[in-house]
Amino acid sequence: MLKSTLFALSVAFVAVFSSATYAEQKQTLGNWDVHYSAFTSTFLAPKVAATYGITRSASKGVLNISVLDKNTQAPQELEVTGQVVNPLGQIQSLEFQKITEAEAVYYITQFNYTNAETLRFTINIGDEQILKFNQEFWLND
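What counts and what doesn't
Residues numbered from 1 in each chain as written. Predicted model: local features only at pLDDT ≥ 70, side-chain atom pairs only at ≥ 80, totals over all residues. Heavy atoms only, no water. Core = buried A, V, L, I, M, F, W, Y, C linked by side-chain atoms within 4.5 Å. Buried < 20%, exposed > 50% of the residue type's maximum accessible area, 1.4 Å probe, protein only. Helix = DSSP H or I, 4+ residues; strand = E, 2+ residues; numbered from the N terminus. Salt bridge = Lys/Arg side-chain N within 4 Å of Asp/Glu carboxyl O.

Per an unreviewed UniProt entry, the chain is named DUF4426 domain-containing protein, and its organism is Idiomarina piscisalsi.

Take a look at the structure:
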């Protein structure tokens, strides 16, 4: 539970204190509110990254997804898969790790990027919903 709390706090920190580009976003898809944030892995504290096996690197990002019932706001446990495509059309499959906390469920994954690159994300949520979004990433010095 402590490591889930550490990750949740770390993601909240990123959403609040990073630029608007990396702030949490939400889309309502069918009966779900899908919260997501994609950010540079170096925004995570080294201890938090190590706890979850996340590689901290200027060229690696983290995608965090949380799915809630839109009426009750109860966390949903379901299959989350996806891919990310760079401007050259290169596809990276995303393998999500589920993190369960007493009252929360998160799905996290990592992806690679290069400088000033806009990535196109396509995330399959359960058997019926698809989350799509684009986001630009920059290498940190």
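Draft legend 1. Representation of the nonpolar core. Ranked by internal contacts, the top residues of the largest apolar core, which has 24 residues, are L63, I65, F111, F121, I123, I125 and L131. Of all the secondary structure elements, the ones that give two or more residues to this core are β2 (32-40), β3 (60-69), β4 (80-85), β7 (104-112), β8 (117-125) and β9 (129-137). Counting residues in hydrophobic clusters, the runner-up holds 11 residues, among them F39, A49, V62 and I99.

Draft legend 2. Layout of the pattern of salt bridges. According to the stated counting rule, one finds two salt bridges in the structure shown. For K26, the salt bridge goes to D33, with nearest N and O atoms at 4.0 Å. Taking the shortest distance from any N to any O, the salt bridge between E77 and K98 comes out at 2.7 Å. One end of the pair, E77, is in the loop between β3 and β4; the other, K98, is in strand β6 (residues 97-101), and 21 residues separate them in sequence.

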